[in-house]
Amino acid sequence: MLHSYLRALDERVNLKHMYRSYHKTAETTIVLLALLTFLDDIARLATHFEVHTEMVADTYVFRKLSSQAKLLAGRFLLCGVIALQVAGVAAILGGARAGCKMLMCWCALHPIVYSQITNYEFVSECLSHIGGLLILLAHFHYRCLAPPAPGSRAKGPRASDDDDEEMAPSDRLQHAARLQ
């Protein structure tokens, strides 16, 4: 039954043409949706900075500091978090895999910073974000293996980070498969 629907769809719509026409738009939309969580977190931290500073200052990370030192340490930490997320999002939008790694670091530290390590729902959400970033990282590895688009100036596979430029294409392919 499904096969007959797919055949009817294929007869009426040229899926290869649609893919060639819209895959870049779809890819960009998916990446932006993945980054929307981090953009929302940046905006929330920036607009409610003092509230988050007090929350972070009252966590077990800073429990032995004086109240003034707690607030200063909380402000410093939140400024670093905002900078890390802005740099990570900007790097991903620029095509660098380092942005995925930065945002994964924040996702791993997020439950610790907010003393939510025993909140399994929150930890699961952070792990889910890490999983999405791993898939995005694998996509970047696969994209480096793709031949350059017709009419582009690139002569070979585009490598967006220097950390694995010397990897052979087969090694890169295996690495991307492991990331997925």
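The structure under discussion appears in the preceding block.
Q: Just to check I follow, could you spell out the environment of His-52 for this structure?
A: Considering the arrangement of structural elements, one finds His-52 in helix α3 (residues 49-57). Its relative accessible area of 7% is what places His-52 among the buried residues. Placed 62 residues apart in sequence, His-52 and Tyr-114 show a C-alpha to C-alpha distance of 9.0 Å. Excluding residues that lie within four positions of it along the chain, His-52 makes contacts with Arg-44, Leu-45, Leu-78 and Tyr-114.

Q: What should I look at first to understand the nonpolar core in this one?
A: In a soluble, globular protein the nonpolar side chains are often hidden away together inside. Grouped together as the largest cluster of nonpolar side chains are 26 residues, with contacts concentrated most on Leu-35, Phe-38, Ile-92, Cys-100, Leu-103, Tyr-114 and Leu-133. Broken down by secondary-structure element, the contributors of at least two residues to this core are α2 (15-47), α3, α4 (67-93), α5 (98-113) and α6 (120-145). Discounting chain neighbours no more than four positions away, the residues touching Ile-92 are Val-31, Leu-35, Gly-99, Cys-100, Leu-103, Leu-133, Leu-136 and Phe-140.

Q: Just to check I follow, could you spell out a nonpolar patch on the surface for this structure?
A: A cluster of nonpolar side chains, Met-1, Leu-2, Tyr-5, Leu-6 and Leu-9, forms an exposed patch at the surface whose accessible area comes to about 610 Å². Summarising the element assignment, Tyr-5 is placed in helix α1 (residues 2-12). A relative accessible area of 54% means that Tyr-5 is categorised as exposed.

What counts and what doesn't
Residues numbered from 1 in each chain as written. Predicted model: local features only at pLDDT ≥ 70, side-chain atom pairs only at ≥ 80, totals over all residues. Heavy atoms only, no water. Helix = DSSP H or I, 4+ residues; strand = E, 2+ residues; numbered from the N terminus. Buried < 20%, exposed > 50% of the residue type's maximum accessible area, 1.4 Å probe, protein only. Contact = heavy atoms within 4.5 Å. Core = buried A, V, L, I, M, F, W, Y, C linked by side-chain atoms within 4.5 Å. Patch = residues over 30% accessible without salt bridge, like charges linked within 9 Å, V, L, I, M, F, W, Y side chains within 5 Å. Areas by Shrake-Rupley, 256 points an atom, 1.4 Å probe, with all protein chains shown as cover. Salt bridge = Lys/Arg side-chain N within 4 Å of Asp/Glu carboxyl O.

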